Amino acid sequence: MKIVFFDGDCNLCNFFVDFLIRHDTKKQLKFASLQGETARQTIPQYAAPPYSSVVFYDGKTPQIESAAALEALAELGSGWKTVLAFKAIPAFIRDAIYHYTAENRYKWFGKKETCRIPTAEEKDYFLP
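Here's a quick rundown of the structure. (Residues numbered from 1 in each chain as written. Predicted model: local features only at pLDDT ≥ 70, side-chain atom pairs only at ≥ 80, totals over all residues. Heavy atoms only, no water.)

### So, helix α3 (residues 65–74)
Link 1 in the chain: The element α3 is largely enclosed, with a buried count of 10 among its 10 residues.
Link 2 in the chain: Every buried residue of α3 is accounted for by Glu65, Ser66, Ala67, Ala68, Ala69, Leu70, Glu71, Ala72, Leu73 and Ala74.
Link 3 in the chain: Buried-residue contacts for α3 involve β1 (2–6), α1 (11–23), β2 (29–33), β3 (55–57), β4 (62–64) and α4 (91–109). (Buried < 20%, exposed > 50% of the residue type's maximum accessible area, 1.4 Å probe, protein only. Helix = DSSP H or I, 4+ residues; strand = E, 2+ residues; numbered from the N terminus. Contact = heavy atoms within 4.5 Å.)

Here's what the structure looks like:
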């Protein structure tokens, strides 16, 4: 199972999850908030505040930050695999951009008062 862990309070993170759900035609991705039980059990090292990274977990090694976002997008199939070409950019550069965005995400995109609650149509995608 491939899981995208995200900050459930972050609007930008929720936009990213919405995008992945819309484009995951094979329905192979699952989602869980970093604040949830699945994160505490699966990736405890990332399940504590501050929640500054998206985490992509393929059942083996968690990917974080820019690598996680790229891996999640690549799972959408077809032309999306081309985003992995950005891995040719050194991680310290990709992650610097990622960190800058993460540090400003609440200011730029806002913050939810509570974690995301999946709609009835989305329930199959989400883990506790």
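### Considering the state of the cysteines
Link 1 in the chain: In this structure the tally under the stated criterion is zero disulfides.
Link 2 in the chain: Considering cysteine sulfurs only, Cys10 is the nearest to Cys13, which forms no disulfide, with 3.1 Å between them. (Disulfide = S-S within 2.5 Å.)

### So, the nonpolar core
Proteins that are soluble and globular tend to have nonpolar side chains buried together.
Link 1 in the chain: Judged by nonpolar contacts, the single largest core of 23 residues is most densely connected at Val4, Leu20, Leu29, Phe31 and Phe126.
Link 2 in the chain: Among the secondary structure elements, those contributing two or more residues to this core are β1, α1, β2, α3 and α4.
Link 3 in the chain: It is α3 that provides the largest number of residues to this core, a total of six residues.
Link 4 in the chain: The next biggest cluster of nonpolar side chains, apart from the first, holds 10 residues, and it includes Phe5, Ala32, Ala47 and Tyr51. (Core = buried A, V, L, I, M, F, W, Y, C linked by side-chain atoms within 4.5 Å.)

### Some points on the packing of aromatic side chains
Link 1 in the chain: Under the definition given, this model contains five aromatic pairs.
Link 2 in the chain: An angle of 80 degrees between the planes, with centres 5.3 Å apart, marks the rings of Phe19 and Trp80 as edge-to-face. Of this pair, Phe19 sits in helix α1 while Trp80 is found in the loop between α3 and α4, placing the two residues 61 residues apart along the sequence.
Link 3 in the chain: Ring geometry for Phe31 versus Tyr125: centroids 6.1 Å apart, planes at 55 degrees, classification tilted. Here Phe31 is found in strand β2, whereas its partner Tyr125 is found in the segment after α4, with 94 residues between them in sequence.
Link 4 in the chain: Accessibility expressed as a relative area gives 0% for Phe31, which makes it buried.
Link 5 in the chain: Of the residues examined, Tyr125 reaches a relative accessible area of 8% and is grouped as buried. (Phe/Tyr/Trp six-rings, centres within 6.5 Å; stacked < 30°, edge-to-face > 60°.)

### Considerations on the pattern of salt bridges
Link 1 in the chain: Applying the stated criterion across every chain, the model contains four salt bridges.
Link 2 in the chain: Residue Glu75 is joined to Lys2 by a salt bridge in which the shortest nitrogen-to-oxygen separation is 3.0 Å. Here Glu75 is found in the loop between α3 and α4, whereas its partner Lys2 is found in strand β1, with 73 residues between them in sequence.
Link 3 in the chain: Note that Glu71 is salt-bridged to Lys87, the shortest N-O span being 2.5 Å. Of this pair, Glu71 sits in helix α3 while Lys87 sits in the loop between α3 and α4; the two residues are 16 residues apart in sequence, bridging distant segments of the chain.
Link 4 in the chain: Looking at Glu71, the relative accessible area reads 17%, which means it is buried.
Link 5 in the chain: Under the relative-accessibility criterion, Lys87 is labelled partly exposed at 34%. (Salt bridge = Lys/Arg side-chain N within 4 Å of Asp/Glu carboxyl O.)

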